[in-house]
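This is what each chain is made of:
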Amino acid sequence: MPHVLVAGKLHPAGLERLKQAQGVSFTLVEEVSIESYLPHLPEADAVILRTQPLTAEAVAAAPRLAIVSRHGVGYDAVDVKALNERGIPLCIVGDVNSRAVAEHTLMLMLGVARQVARHDAAARHGDWNVRNRFETVELDGKCLLLLGFGRIGRRVAELAQAFGMAVSAHDPFVKPEVMAKHGVKPVAELRAALAAADYVSLHMPGSAEGALIGEKELALMKPTAVLVNAARGGLVDEIALDKALREGRLFGAGLDVLEREPPAPDHPLLSNPRVLLSPHAAGLTGECAARMAVASVQNVLDHFAGKLDAALVVNATAIGYA
């Protein structure tokens, strides 16, 4: 009987799928930390992982481990090398969160443009004159640059076009004709594209090479531009961003992800009035949480049934998974 360790809170729909599965037992550890789930690893044949890291030490502590299923599509915090050395597949949930993340991206764009947090606070404190400062801006007619044009980027493009935005995209792994099919202008030269954009939205995986948007890239952008990141923490140099915003070299930023989560209490972005923050919640709508929970559970069940889709196994080539 395979025993599944669920590391992190799972939507009831996913737990119900586990309960209904015959010949499977499971342990649920809701606290999000390595220390909380580490004692349960020796009995685990499978791990369903939320946001906490899975280190090489954790993998070594699980001698029966046969599969790891991520409750999402990112796996930056997973030691894939340690899994590869033991031939353990690491699977993701596929395209179940692109709609939620794309909507959240537009929310951040609109929230910054219309200064939602500031106006909400002003209205609650009786400062109705804030509206007469004419400091908010619109999306209609503006240029949006997408850095990354995968499933989420394509959905963002569709939503942005509905708001009347002209959309361009930079992604060396997507052919120009694919972008053109979606009504999006492909751009190869990032520097020129950053200089022309009114809004820049990141939709790329994290990189060991460091920030994609740093001091030099921020210096290229318009002082009226808005930067949005609902992809991965670390893609943006947060100190450089904070400085650019405080010095008026950028209109605003909307961030769902940070390099360290939660950030230190004295992180400068927390006190920056030009930043709209959310707690890495872009893909955590009730509907999306249910889809991810069920999909992450189903991947485990399919693996033990011998029918897991290899397209969902991120290290399939490395371990010869078919």
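In case you missed it, the structure is sitting above this.
Residues numbered from 1 in each chain as written. Predicted model: local features only at pLDDT ≥ 70, side-chain atom pairs only at ≥ 80, totals over all residues. Heavy atoms only, no water.

A. How the structure looks around helix α7 (residues 151-162). With twelve residues, α7 ought to run about 16 Å at 1.5 Å a step, and its terminal C-alpha atoms sit 17 Å apart, in line with that. Regarding α7, the residues found buried are Ile-152, Gly-153, Val-156, Ala-157, Leu-159 and Ala-160. Looking at the buried positions of α7, the neighbouring elements they touch are α5 (98-113), β6 (143-147) and β7 (166-170). Taken from the residues just after α7, Gly-164 is the one with a positive phi, measuring 85°. (Helix = DSSP H or I, 4+ residues; strand = E, 2+ residues; numbered from the N terminus. Expected span 1.5 Å × (residues − 1). Buried < 20%, exposed > 50% of the residue type's maximum accessible area, 1.4 Å probe, protein only. Contact = heavy atoms within 4.5 Å.)

B. Broad picture of the state of the cysteines. Here the structure, examined in full by the defined rule, presents zero disulfides. No disulfide involves Cys-91; its nearest neighbouring cysteine sulfur is the one of Cys-288, lying 16 Å away. The class of Cys-91 is buried, set by a relative accessible area of 0%. (Disulfide = S-S within 2.5 Å.)

C. Representation of the pattern of salt bridges. For the structure on display, the rule yields ten salt bridges. The residue Glu-158 makes a salt bridge to Arg-155 at a minimum N-O spacing of 3.1 Å. Highlighted residues: Glu-158 and Arg-155, both in helix α7, separated by three residues, approximately one helical turn. Given a relative accessible area of 47%, Glu-158 falls into the partly exposed group. Lys-222 serves as the salt-bridge partner of Asp-198, at 2.9 Å between the closest nitrogen and oxygen. Remark: Lys-222 occurs in the loop between α10 (215-220) and β10 (226-229) and Asp-198 occurs in the loop between α9 (190-196) and β9 (199-202); sequence separation between them is 24 residues. A relative accessible area of 26% means that Lys-222 is categorised as partly exposed. (Salt bridge = Lys/Arg side-chain N within 4 Å of Asp/Glu carboxyl O.)

By themselves, these figures tell us nothing about what the structure is for.
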